[in-house]
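The residues making up each chain are set out below.
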2 protein chains.
Amino acid sequence: MTTDEPRTDPTRRAGVRQVAERAGVALSSVSRVLSGHPDVSELMRHRVLDAVAALGYEPDHLAQSLRRGASMTVGYVVGDISNPLTAQIALGAETALRRAGYSLLLVNSTSDPDLDAQHIRLLRQRRTDGLLLAMADERHAATIAELERYPGPCVLVDRVCAKLPRASGVHSDHRAGLSAAVEHLYRLGHRHIALVNGDPRVLPARERAAVLRRFARGVPDLEVTVRPGGFTAAHGRDATAALLAGGAGRPTAVIAGGNQILPGVLAAVRAAGLTVPTDLSLVTCDQVALVEFLRPPLATVTRDLGDLGEVAAALLLERLSGRARRRVTLPTGFRADHSCAPPPKRPT
Amino acid sequence: MTTDEPRTDPTRRAGVRQVAERAGVALSSVSRVLSGHPDVSELMRHRVLDAVAALGYEPDHLAQSLRRGASMTVGYVVGDISNPLTAQIALGAETALRRAGYSLLLVNSTSDPDLDAQHIRLLRQRRTDGLLLAMADERHAATIAELERYPGPCVLVDRVCAKLPRASGVHSDHRAGLSAAVEHLYRLGHRHIALVNGDPRVLPARERAAVLRRFARGVPDLEVTVRPGGFTAAHGRDATAALLAGGAGRPTAVIAGGNQILPGVLAAVRAAGLTVPTDLSLVTCDQVALVEFLRPPLATVTRDLGDLGEVAAALLLERLSGRARRRVTLPTGFRADHSCAPPPKRPT
DNA sequence: CCATTTACCGGAAACGATTCCAGTAGCGGG
DNA sequence: CCCGCTACTGGAATCGTTTCCGGTAAATGG
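Residues numbered from 1 in each chain as written. Chains lettered and ligands numbered in written order. Predicted model: local features only at pLDDT ≥ 70, side-chain atom pairs only at ≥ 80, totals over all residues. Heavy atoms only, no water.

> What exactly am I supposed to notice about the protein's contact with DNA strand C here?
Around DNA strand C, a shell composed of 26 residues is seen, among which Arg12(A), Gly15(A), Arg67(A), Ser29(B) and Ser41(B) lie nearest. Near the protein, meaning within 4 Å, the atoms of DNA strand C are sugar or phosphate in a fraction of 57%, with bases accounting for the rest. Between DNA strand C and Ala26(B), the relevant distance is 3.1 Å, taken from a phosphate oxygen to a main-chain nitrogen or oxygen of the residue. At a separation of 2.6 Å, a phosphate oxygen of DNA strand C approaches a polar side-chain atom of Ser41(B). (Near = heavy atom within 4 Å. Polar contact = N/O pair within 3.5 Å; in protein donor to acceptor, adjacent residues only side chain to side chain.)

So, in C-alpha cells, the structure goes:
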C-alpha cells in the first residue's frame, strides 16, 4: 500500500525532491548519490536508487545546466547545412561531440554575415559552452565583435581570422590539392587556365585564387583567369559562359571552385556545345556524390570532410577541458581523371 | 576588509539582480519592464532600460527556460545528416523554426534504431519542447516506447507509425511519382522492372515496393523484382550486380530506390559493361545534385525536400501553440529523361 | 470627506538541481 | 575520559529568472 502523499502531483514528473521524500532522506543526499559523490553509505545508495527506479526519476538537464554553469551544448553556425559538404562536416562533428556528452545546436545563416553575428549572440544567450563556426565573411566586423564577446572557446572550420587570436581552427590545405591540379593541367599543355571561384571572403576561395596567381607569377607562359563570385550554380554558369565566349583568348581548362559552382559550370559547358575533354579540360574541387559517374569522370581536388568535422570537435573539446588552442591543417589530394586532356590545337 | 556588501563581481556578467541594483528598483520591476508587462510607469521603464544598456545585460536563456517551463528548443533526430536529402529537410525545418524563435538540437543516429531511442530520451531530459523525427525503424519497440513517454508534441518526417496516434506527420506521396515512372517504363515496352530498394522498415521503401507489387498484380504481363536492403551504395551495387547477372531473365529496367543507392547501381551497371538506355533503362528516386548531368541524364522521381522540412516545422509549431495534430502528404513528380528507352530486343 | 478603484511597485516563492557548511555519531588513541 | 578523526547526513544558500500577492499612493466618485 502506498502512503498517500499530500500534494504529490502524479501528472508532473518527479524531481530530486520527490525522490528524497520517498526515500526518506535529504535532497542533498539524493544529489550526492546521483553524482557519485564519495560521501554516501551503501544503505543510502540503495534507498535512493530504489526510489529513483520506483519513480522513474530523470534529472532535468536544464536545471543542472543552470546550477553547474555548463550546458553541455555547443553551437554550430553554418552557412548552408543543405550543402553536402557542410552536412558531412556536421556529421563528423556531431558524432565526436555526442560521444563526449555534448549536444549540437545547429543554426543556419544562409551565408549572410549579419545573420552569423546574430546567431553567435543567440548562442551566447543560450549559454552554449563552445562554438563551431564557418562564417560567411571572415572579416565581417559585427561577427568578429560578437565572437570577441563570446565567453567560451570557439573553433573556426575551414576559416581563418587574424583578428581572433583566441580561436582554434582547422582547415584544409587547399593549396596542395589545387597546385597538383594546375601542375597536371600545365603538363598536359594548357597555357590558359581559368578558376571559377567562390567568394574570396572565405579561406578556401582565397587559397585557390592564390594558387593560380602564384603559378602565373612563377610560370611566364601560363595565363590564368580567376572569376570570383558567390558559391552558387548561377555564378558558375554565368562566369563560365563569359569565359567560353572569349573567342580565341578563352581558357582551355576550367576549374570549378566548389561543389555548388560545379553544376553551373557543367550547364554552361553543355550550353556552349563543347565536349570535355576534347574542347575543354575540367577540374572540380571537393568530391561529391556522382562526380565519378559523370562522363567523362571529373578530375577532382579531394579531401576528407568527416575528418574536418571530427578534428573541429576535437579541438573544441580540448579547449573545453582547459587545454590550449591549436590550429590544424588537413591534407588535400588530387585525383586526375578523363576530364583532363591536352588542349585542342589552336588555329594559327 | 570584509565588506558585507553584496559582492558585485565585475568579471561575471550582469543579471537582473545587478540591473535592479543599478537602477535602484526591485528585481520584479526589471523583469516586468523586460517582458513587456503592462504595470510599468514610463519613468520605471527608462530607469531600467538605461541600466540594462549601461551593464550590457542579456537575459540568461537557461534560467528563463527553467522558470517558464519552455526551452524554445526542438530536437531533430535523424538517421544521417550527411545525406543531402536529410540536410535539405533540415534546412527547411531550421529556417521555419528559427523564424518562430526556436532553436534546433540535432542528433544523428547513424540509422541505428537503438540510438534513435536513446536520443529521444536525451532530448526529453534536455527538455526540448518538441521533436522532429525520422526514425530508422518505424516499428522499433524501444523507440515507440520512448516516444510515448515523451511529453511534448512530435512530428514524423517521411515516416508513419500506427502505434503513435498522437504524432503529427508529413510525408511525400511516394506512390504517385513512382507509379508515373513505372507506367512510363511499361509504355516503352518494358516487361521486367526491378527496384533496388531501401530498408522496408521505413515508409518510402515500403511505398515504393507497394507500387511495384500493385502493378504486378494489375498488369499480368509485367514481371517485377524488388530487392530490399539498406539505403547504401554497397547494397545498390551488390543487388544490381545480382540482377544483371540473371541472364535472359534479367530486368530491362532498374529503379534505384534512393539517392544513396544510386551510386552503387551506376557502379554495377558500369562494371557489367552495359550502356544506358540501350541495354538497360534507369530511373532514380530523389533529385540530387548532378543527376541531370549524368550521361544520359537520369529520369527521376522528384519532390521538394525543403517543403518537407518546412511543413514538418509548421506542424510542430501548430501543436506547440495548442492546435490539433495533422497529417500532411506532399506531392511527388516524375521527370522522364534519356535514361529510359524501349528495351533491347530479346534474342528468341 | 470617505470609499473605492486604478496604477504601480517590492518582497518572496517558485523552477529543479548542486554544493558548501555544520553537525552527529562512532571509534581509536593518548 | 576526552580529544580528534573519519564517515556520513541534513539544512540552506545559490544559479538567474518569472510571477503571484499584497501594499501604497494617487485619482475618482458620490
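Moving on from the model shown.
> How should I be thinking about the interface of chain A and chain B in this particular structure?
Accessible area lost during the coming together of the parts is what is often quoted as the interface size. On the side of chain B, 53 residues touch chain A, which itself brings 54 residues to the contact. Summed over both sides, the interface between chain A and chain B buries roughly 4,900 Å², with carbon and sulfur atoms accounting for 60% of that surface. Inspection of the region where chain A meets chain B yields eight salt bridges. Here Arg127(B) makes a salt bridge to Asp60(A), at a shortest N to O gap of 2.4 Å. Taken together, the connections running from chain A to chain B amount to 23 residue pairs in polar contact (both at pLDDT 80 or more). Elements that contribute at least two residues to the side of chain A that touches chain B include exactly helix 4 (61–68), helix 5 (84–99), strand 2 (103–108), helix 6 (113–125) and helix 11 (262–271) of chain A. For the side of chain A that touches chain B, the element with the most residues is helix 5 of chain A, which contributes seven residues. Here the side of chain A that touches chain B is built from residues that sort into 28 nonpolar, twelve polar and 14 charged. (Contact = heavy atoms within 4.5 Å. Buried area = accessible area lost by both parts, 1.4 Å probe. Salt bridge = Lys/Arg side-chain N within 4 Å of Asp/Glu carboxyl O. Helix = DSSP H or I, 4+ residues; strand = E, 2+ residues; numbered from the N terminus. Nonpolar A, V, L, I, M, F, W, Y, C, P; charged D, E, K, R; others polar.)

> Looking at this structure, how should I read the domain arrangement of chain A?
Each assigned domain of chain A is listed here: domain 1 (16–59), domain 2 (71–171 + 305–331) and domain 3 (174–303). A C-alpha centroid distance of 64 Å is found between domain 1 of chain A and domain 3 of chain A. (Domains from an automatic or database assignment.)

> Would you mind going over the protein's contact with DNA strand D with me for this structure?
Within the structure, DNA strand D sits among 27 residues, and Ser29(A), Ser41(A), Arg67(A), Val16(B) and Arg67(B) are positioned closest to it. Backbone sugar and phosphate groups make up 61% of those atoms of DNA strand D lying within 4 Å of the protein. Arg32(A) places a polar side-chain atom, nitrogen or oxygen, 3.1 Å from a base nitrogen of DNA strand D. Take Arg68(B): an N or O atom from its side chain is 3.4 Å from a phosphate oxygen of DNA strand D. Put simply, the parts of the chain that give the surface near DNA strand D at least two residues each are helix 2 (27–34) and helix 4 of chain A together with helix 2 (27–35) and helix 4 (61–68) of chain B. Among the residues making up the surface near DNA strand D, the classes are represented as ten nonpolar, seven polar and ten charged.

> I'm lost on the relation of the copies chain A and chain B in this one. Help?
Put simply, the two copies of the chain differ by a rotation about an axis and a shift along that axis. At an RMSD of 0.1 Å, chain A and chain B line up after a rotation of 180 degrees and a shift of 0.0 Å along the axis. Here the symmetry operator amounts to a two-fold rotation axis. When you check the interface residues of chain A against chain B, 98% turn up at the interface there too, and the contact is symmetric in its surfaces. (Least-squares fit on C-alpha atoms with pLDDT ≥ 70 in both.)

> Would you take a moment to explain the packing of aromatic side chains for this structure?
Inspection of the entire model under this criterion finds zero aromatic pairs over all chains. Of note, Arg191(A) hangs over the ring of Tyr186(A), and the distance from its end group to the ring centre comes to 3.7 Å. (Phe/Tyr/Trp six-rings, centres within 6.5 Å; stacked < 30°, edge-to-face > 60°. Lys NZ or Arg CZ within 6 Å of the ring centre and 35° of its normal.)

> Just checking my understanding: could you explain the nonpolar core for this structure?
The nonpolar side chains of soluble globular proteins are, as a tendency, buried together. Formed by 42 residues in total, the largest nonpolar core has its most connected members in Val265(A), Leu282(A), Leu290(A), Val265(B), Leu282(B) and Leu290(B). Counting only elements with at least two residues in this core, the list comes to strand 6 (192–196), helix 10 (233–244), strand 8 (253–256) and helix 11 of chain A together with strand 6 (192–196), helix 10 (233–244), strand 8 (253–256) and helix 11 (262–271) of chain B. Among all residues touching Leu290(B), those that are not within four sequence positions of it are Leu262(A), Pro263(A), Leu266(A), Val288(A), Ala289(A), Leu290(A), Val291(A) and Leu294(A). Val77(A), Leu123(A), Val77(B) and Leu131(B) belong to the second largest nonpolar core, which has 32 residues in total. (Core = buried A, V, L, I, M, F, W, Y, C linked by side-chain atoms within 4.5 Å. Buried < 20%, exposed > 50% of the residue type's maximum accessible area, 1.4 Å probe, protein only.)

> What am I meant to see in the pattern of salt bridges here?
For side chains bearing opposite charge, pairing can occur when the charged atoms are close. Residue and element names in this part refer to chain A. Applying the stated criterion to the full structure yields 39 salt bridges over all chains. We note a salt bridge from Asp286 to Arg303, for which the minimum N-O separation is 2.7 Å. In this pair, Asp286 sits in the loop between strand 9 (281–285) and strand 10 (299–302) while Arg303 sits in the loop between strand 10 and helix 12 (305–320), placing the two residues 17 residues apart along the sequence. Neither Asp286 nor Arg303 differs from the other in exposure class; each is buried. With its nearest N and O atoms 3.6 Å apart, the salt bridge here joins Asp337 to Arg335.

> Would you mind showing me how to read the side chain of Asn108(B) here?
Within the secondary structure, Asn108(B) sits in strand 2 (residues 103–108). In terms of polar contacts, Asn108(B) uses its side chain to reach the backbone carbonyl oxygen of Gly79(B), at 3.1 Å. Apart from the residues within four sequence positions on either side, Asn108(B) is in contact with Leu91(A), Glu94(A), Arg98(A), Val78(B), Gly79(B), Asp80(B), Ile81(B) and His119(B).

> I would appreciate a short explanation of the confidence of the model for chain A in the present structure.
As a general rule, the predicted coordinates of low-pLDDT regions are not to be interpreted in detail. Scored by pLDDT, chain A comes out at a mean of 94, with 96% of its residues at no less than 70. In this model residues 1–8 of chain A is a low-confidence stretch, pLDDT under 50, and it forms two contacts with partners more than four residues away in sequence or in other chains. (pLDDT = per-residue confidence, 0-100.)

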